[in-house]
Amino acid sequence: MSKILIVEDDNILSKAIETALKEGKFKTMTAMDGEEALIKAREFKPDLILLDLIMPKKSGEEVLEELKKDEELKYIPVLVTTVKSEDASISRCVELGARGYFIKAQYTLDEILEQVKKVLAE
Amino acid sequence: MKLQNKLIFSFLTISLVPLSLTALLSYSNIKEALVASEVISLENNSVTKENKINNFFDSFCNELSVVKERFVVRNDLPVISRLKDEPNQPEYIRSREIVDAQMQVLAREKDINSIIFSDLNGEVVYSTDPALEKQSINQLHSEEGMEVFEKSLVGIYLSDISMHPEDGRAHFLAGAPIYDFSGILAGVIILEIDAENFYLLAEDNFGETGEAVVARRISTAAGNYHSYKYNKDGDYALYLAPLRFDPEAAFRRVIKIGDSIGEPIQKAVSGETGSGIYTDYRGEEVLAVWRYLPENHLGLVVKMDKKELLEPARQMALALFVFSIVSVITILLLALMLARVISRPIVGLTDIAKKIGKGDLEVKFDERLTFSDDEIGVLAKTLAVSIANLKDVKQNLEDRVLLRTNELSLENKKLSEAKIAMANLLEDLNSEKEILFKEKTRNEAILTGIGDGVFVLDKEEKVILFNPVAEKISGFSAKEVIGKEYSKVLKLIFEDSGEINDKFIKDAMISGKIVKMANHTVLIKKDGGRVPVADSAASIKDKNGRIFGCVVVFRDVTREREIDKMKTEFVSVASHQLRTPLTGIKWFTELILKTKLSPKIKDYVNQIAISNERMVRLVGDLLNVSRIETGKKFEIILKEVDIISIVKNIIKEQLSAAEQKHISLVCSADAPRELFLQVDELKIRQVFQNLLSNAIKYSKEKALIAVGCQRKKSEVVFFVEDNGIGIPKHQQNQVFSKFFRAENVMIVHTDGTGLGLYIVKAIVEAHGGKVWFESEEGKGTTFFFSLPIK
């Protein structure tokens, strides 16, 4: 059973994603900020990370960067889910190695779940 | 000096100089000759005179020597002497008679004043002049007589000529001893001879001034007793005969030895012989010949006045002078003639030359000139030939000049016409200038007053105007900038690359359009600081539409940028803030809908989801719009992508929405399999998404929507075609406006923000393309957009 790390500072949204993933039969863990995200990633080595960008302590981009630098963690697929829709942001994340970039308000939970399944299947 | 005069002068000089020299030489030679010959003459004269004088005195000596031997004298005179006291004695009387008879005759014959016979005591015992008898000689003739008496006792003796003190007559005494027949000295016979004859002899006037002069030296120093008589102390020359110029001079006039006059006579009485020119007793210059007559102790001078002597010379000189004058006149006349003759041809030629010099080439050459065979003839001929040539040349030139003058006068006419035209033009220009000046000052005032920075460039991109706001923004003063190429002073660069941004100015200058400054242009101030600026450049055209410069307007957009930044930040923050709760609602409504719900509740929750979805979309659109409006202008990140695959992708995405209305979405048949273009992928996706979703939204059930593209020369045109409700004609011009929704959208009951097409237009235009449509209400709409092929 795949482990998915949910990095999200808004606890309502975090709860929603967790519920959807749990229904999708995934194991989930959450992190509320960038630092916690890295600690948890190192600790639990999830199979996929859902990463918010706007966060306290460390931004999503920084986390992504560090993840991809880390030998053990760089292979973990990362899907960015954020409200930021700037193109600069998108291309940055793509450059850094994100597998997907989703603007939260534009996607349903089902759609996100589908994407997760798709990526994990690869 | 004229030639003629030169010749005359030369002739005169040549002839007169020798003439004068000759005359002078002749004169001096004549003088010398005269003097020489006169000297000889005078010498001859003096020699003759000397002889005469000597002869004179000799004759008396001879006479005496004869007389003293006469019988009567030897016989009877002693008787008389013996019987002097017995005059009555018949012997005495007889002797006396005989003697007297002879003596008287003798006296008469020889011009003797008196003959006396003195006895040995010096008593006169007989005299032809009875009055003289019975006196002593001393009494009669004083010292002189005594001297003669004593000397005569010994031999014949002649005394010097002297003057008788009483009667003032000059005489001399001649004495001889008388011996009787027994040889006893009886006495002395003394003749008293008047010097008159001597005078006659001595006097020898010749010429006008010539004379002979006789004198004797008297000297107190020498003991010469005669000196006393004349009361002169010293040495003198005493004139013994009357002088030509002083008849009373005899025995009266003296010349002191050593005096400066009468040198000849001084020399003569001093024993010298010679000749020379000296002054005589008058003080006149004379040629004199002097000699000393030793027998008679006389000095003889034969002299002639130099004047008289040289009279011939003088006359000759005069003659020569006259001759010279005459010669000069003659020569002058001859010279004049000659000179004229010689110079005439030359003068003739000169006149001709003068005429030629004045420009008159029609001169006639005198035949005499040209045909004479001397150098003048040659000159004349040559000159004539040259003149002929000159005339030809002149004629030639004149012809050409005439031709040229005609040409020139034509040109001149043209020029003066042009000049008039120019003058008119100038007038117009001047009034234009005034107008322009007024405009200029007005424009300058405007430009100064404008709130934005303005600078104006000429065709060479040199700054010709720089307003106060420009100064303020850039930090440069107008003085520092005006006249220089703007690029050397004002550095406009792209903010990111640092490269010079001069394209917009260059484009404006060439195209004649208004060209906006690129975004993020930065001006580097004088102090090196950077200030973000924005606006545009526009070309300035003259009356004829020719571009002669450009005007650049710019403003400091630092504040604007700040505002933009704040806006973007606000938008960013707002979008985060808005989207998060909206996402929360979206997802939890999704979860709710997954649970078992009563149909009523499900319906209500659906409505919530729909409304929420609208809000989400609105927020998304608002974000887009605000990004457009903050001027960030969609940073277009161009990448070469295959448009066709994007289109296909989006069709796939929209398929489900289309299926709900049973609409068929197709890609047009003649679309290429792939088409690579430089585009911003995400944004082009948005364009297709918007157009397709619109097409679907505004089509009725079971409609057909086609997407396709057409490749043109420099662009590709894409289209999205539907047969939906179309756009009402009177509203078609508002289609691309913000928040616009057509009146007829209610037919299909859809909602929309009215922002989609606004965004499409912005994206397409940001790529350099165009967007347009064709629509008919109730029939359908086709939207087109072009993308340039780069």
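These figures come from a predicted structure and were not determined experimentally.

How each quantity is defined
- Residues numbered from 1 in each chain as written.
- Chains lettered and ligands numbered in written order.
- Predicted model: local features only at pLDDT ≥ 70, side-chain atom pairs only at ≥ 80, totals over all residues.
- Heavy atoms only, no water.
- Helix = DSSP H or I, 4+ residues; strand = E, 2+ residues; numbered from the N terminus.
- Buried < 20%, exposed > 50% of the residue type's maximum accessible area, 1.4 Å probe, protein only.
- Contact = heavy atoms within 4.5 Å.
- Areas by Shrake-Rupley, 256 points an atom, 1.4 Å probe, with all protein chains shown as cover.
- Salt bridge = Lys/Arg side-chain N within 4 Å of Asp/Glu carboxyl O.
- Pairing = 2+ DSSP bridges.
- Axes fitted to C-alpha atoms, helices over the stretch in contact; angles between N-to-C directions.

## What about the overall build of chain B?
Link 1 in the chain: On a plain count of helices and strands, chain B comes out with 20 helices and 26 strands.
Link 2 in the chain: A burial count over chain B gives 43% of its 790 residues as buried.
Link 3 in the chain: Partitioning the contacts of chain B with sequence separation of at least 6, the portion at a separation of at least 24 is 57%.
Link 4 in the chain: Counting every atom, chain B has about 43500 Å² of accessible surface; 57% of that belongs to carbon and sulfur.

## Re the pattern of salt bridges
Link 1 in the chain: The final tally for this structure, using the stated rule, is 47 salt bridges over all chains.
Link 2 in the chain: Note that Lys22 of chain A and Glu18 of chain A form a salt bridge whose closest N and O atoms lie 3.4 Å from each other. Of this pair, Lys22 of chain A and Glu18 of chain A both sit in helix 1 (residues 11-23), separated by 4 residues, roughly a single helical turn.
Link 3 in the chain: In this structure, Asp542 of chain B and Arg546 of chain B form a salt bridge, with 3.7 Å as the shortest nitrogen-oxygen distance.
Link 4 in the chain: The class for Asp542 of chain B is partly exposed, based on a relative accessible area of 28%.
Link 5 in the chain: A relative accessible area of 52% places Arg546 of chain B in the exposed class.

## Overview of the sheet that holds strand 26 (residues 780-788) of chain B
All names here are of chain B.
Link 1 in the chain: Strand order in this open sheet of 5 strands is 21-23-24-26-25, and the pairing throughout is mixed. Each edge of the sheet is formed by a strand with only one pairing partner; in this case those strands are strand 21 (664-667) and strand 25 (771-776). Strand-to-strand twist of the sheet, defined as the mean angle between neighbouring strand axes without regard to direction, takes the value 15°.
Link 2 in the chain: Sheet analysis places strand 21 next to strand 23 (residues 704-711), joined by 4 bridges and oriented parallel. Bridging across to strand 23, Val666 finds its partner in Ala706.

## Comments concerning unusual backbone geometry
All names here are of chain B.
Link 1 in the chain: The backbone of His662 shows a phi angle near 55°, a positive value even though the residue is not glycine.
Link 2 in the chain: You can call His662 exposed: its relative accessible area is 53%.
Link 3 in the chain: Positive phi, normally seen in glycine, also occurs at Lys702, with a value near 60°.
Link 4 in the chain: Tracing the backbone through its elements, the reader meets Lys702 in the loop between helix 19 (681-697) and strand 23.
Link 5 in the chain: Given a relative accessible area of 70%, Lys702 falls into the exposed group.

## A look at the side chain of His767 of chain B
Link 1 in the chain: Inspection of the secondary structure assignment puts His767 of chain B in the loop between helix 20 (756-766) and strand 25.
Link 2 in the chain: The contacts of His767 of chain B, once residues within four sequence positions are left out, are Ile636, Leu638, Gln678, Val679, Asp680, Ile684, Leu787, Pro788 and Lys790 of chain B.

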